[in-house]
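# Summary of the model geometry
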Amino acid sequence: MHNITRKEPIFSIIIVTYNSEEFIRECINSILNSKFKEIEVIIVDNASSDNTPFILNEYKNKQLIKIFLNNRNVGFAKACNIGAMYARGKYLVFLNPDTIVSPNWLSAIYKIFSEKNNIAIIQPLLLDYYDHRKVYSGGLLLLHPFVGFYWSLGNNDIKKIKEKSKNMYFAFATGAALCIRKDVFTKVGGFDDTFFLYFEEIDLNWRVWLAGYKSICTFNSVVYHAGGKGASLSSIARKYLRAYFIHRNWFRHIIKNFTVKNLIKCLIIGLILFLLRDVYILFKNREYIYLYSLIRSIFNNLKHIRLLIKARREYIKFKKINEDVVIEKLSIRLSLNEILSRLSSF
């Protein structure tokens, strides 16, 4: 079920839902009540089993909203690509269903896109839904010297950045609220459907940077994010799937985007760090899930190595800069205690 508006929108806001009944109504209403009106909202539901489809049905006659109901869960990445296929806006906004937008959130983003053609991705500052004083994520930076691992910028990081930057700074954008030029999204191939869940936005960020564009986070646009909502799996099943897709897709995005020199270095460091952490958890908590998911993810990538090599070759066609340039620009140096804290929760 979908409606088509007459006027071409500037922004196409794409929301992928999966058992998102807790927040989706509030999310949609915040978008409709925001001040920037040249928009369309495209909602792709991944076969929700809760009341999400019934809630979406309340909006079926809204002129600004298109709703597509998948008959199975095709994953976040593919569902985003489905939404992008039907988008008519010049800019795409991929927004999580457990977010609430501020009234002026798109005005600042439109201004930046209009003035700076080399910026292809913009992330609003994500504040905690439950505590608006807390930064949920100010984007991601590479964790020096563990290139390939990422640090989500929180309160302390943002305070330091604000001392040096007025309203924006370079960062990888998180998938909770990612705005991208549609032509660039199409040029670099969109999200990789094979990722299913996790790291799909990091992979997209890398391809955009390597194609010669930039990604930033801006303080002038604010979105509130609850985080960790919208799934109805048991805690064990959710923990396993999260660990499996993070392991698998971490290796996958490194294999696809890095040159051989950095690829070998990152794979060795990543494998050692994952093994140390997963074996530690095995003995400490008697949980084999993480180690098992690591082993399974390695075999899965080996099974599909030809497809990954093919993807590497495809991306070389539009690659304009070496990843060392990106690493230099988007790395953060932290104390050992801060690093250990992040790696223990990765």
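What comes next concerns the included structure. (Residues numbered from 1 in each chain as written. Predicted model: local features only at pLDDT ≥ 70, side-chain atom pairs only at ≥ 80, totals over all residues. Heavy atoms only, no water.)

Turning to the pairing of strand β11 (residues 177-181), a few remarks are in order. Counting buried residues along β11, five of its five residues qualify, which places the element largely inside the surrounding structure. The alternating pattern of β11 places Ala 177, Cys 179 and Arg 181 on one face and Leu 178 and Ile 180 on the opposite face, and all of these are buried. Pairing between strand β4 (residues 91-95) and β11: five bridges, direction antiparallel. When the bridges of β11 are listed, Tyr 91 appears paired with Arg 181. For strand β6 (residues 119-128) and β11, the ladder comprises two bridges, and the chain directions are antiparallel. For Ile 121, the partnering residue across the bridge sits in β11 and is Ile 180. (Buried < 20%, exposed > 50% of the residue type's maximum accessible area, 1.4 Å probe, protein only. Helix = DSSP H or I, 4+ residues; strand = E, 2+ residues; numbered from the N terminus. Pairing = 2+ DSSP bridges.)

On the surface, Val 260, Ile 264, Ile 268, Ile 272 and Leu 276 cluster together to form a nonpolar patch covering roughly 480 Å² of accessible area. Secondary-structure assignment places Leu 276 in helix α9 (residues 260-285). (Patch = residues over 30% accessible without salt bridge, like charges linked within 9 Å, V, L, I, M, F, W, Y side chains within 5 Å. Areas by Shrake-Rupley, 256 points an atom, 1.4 Å probe, with all protein chains shown as cover. Salt bridge = Lys/Arg side-chain N within 4 Å of Asp/Glu carboxyl O.)

Generally speaking, soluble globular proteins have nonpolar side chains that are buried together. Of all hydrophobic cores here, the largest spans 47 residues; its most connected members are Tyr 150, Leu 153, Ile 158, Tyr 169, Phe 172 and Trp 206. Among the elements that line this core, the one with the most residues is helix α8 (residues 235-257), at five residues. Setting aside chain neighbours within four positions, we find Trp 206 in contact with Leu 142, Tyr 150, Phe 172, His 253, Asn 257, Phe 258, Glu 323, Val 326 and Ile 327. Counting 35 residues, the second largest nonpolar core, distinct from the first, contains Phe 11, Ile 28, Ile 55 and Ile 122. (Core = buried A, V, L, I, M, F, W, Y, C linked by side-chain atoms within 4.5 Å. Contact = heavy atoms within 4.5 Å.)

In a pair of packed helices, the angle between the axes and the distance between the axes together describe the arrangement. Running from amino to carboxyl end, α9 crosses helix α10 (residues 289-303) at an angle of 145°, the nearest separation of the two axes being 8 Å. Residues Leu 271, Phe 274, Leu 275, Arg 277, Asp 278, Val 279, Ile 281 and Leu 282 of α9 lie in contact with α10, whose contacting residues are Tyr 290, Leu 291, Leu 294 and Ile 298. Tallied by class, residues from the contact of α9 with α10 come to ten nonpolar, no polar and two charged. (Axes fitted to C-alpha atoms, helices over the stretch in contact; angles between N-to-C directions. Nonpolar A, V, L, I, M, F, W, Y, C, P; charged D, E, K, R; others polar.)

Take the sheet that holds strand β8 (residues 140-144) next. Sheet strands line up and pair through hydrogen bonds in the backbone, either parallel or antiparallel. One open sheet holds the three strands; their spatial order is β9-β8-β13, and the pairing between them is mixed. Two strands bound the open sheet, and with one partner strand each, they are β9 (150-152) and β13 (331-333). Adjacent strand axes in the sheet meet at a mean angle of 50°, parallel and antiparallel pairs treated alike. Taken together, the three bridges between β8 and β13 define a ladder with parallel strand orientation. Counterpart to Leu 143 in the pairing with β13 is Ile 332.

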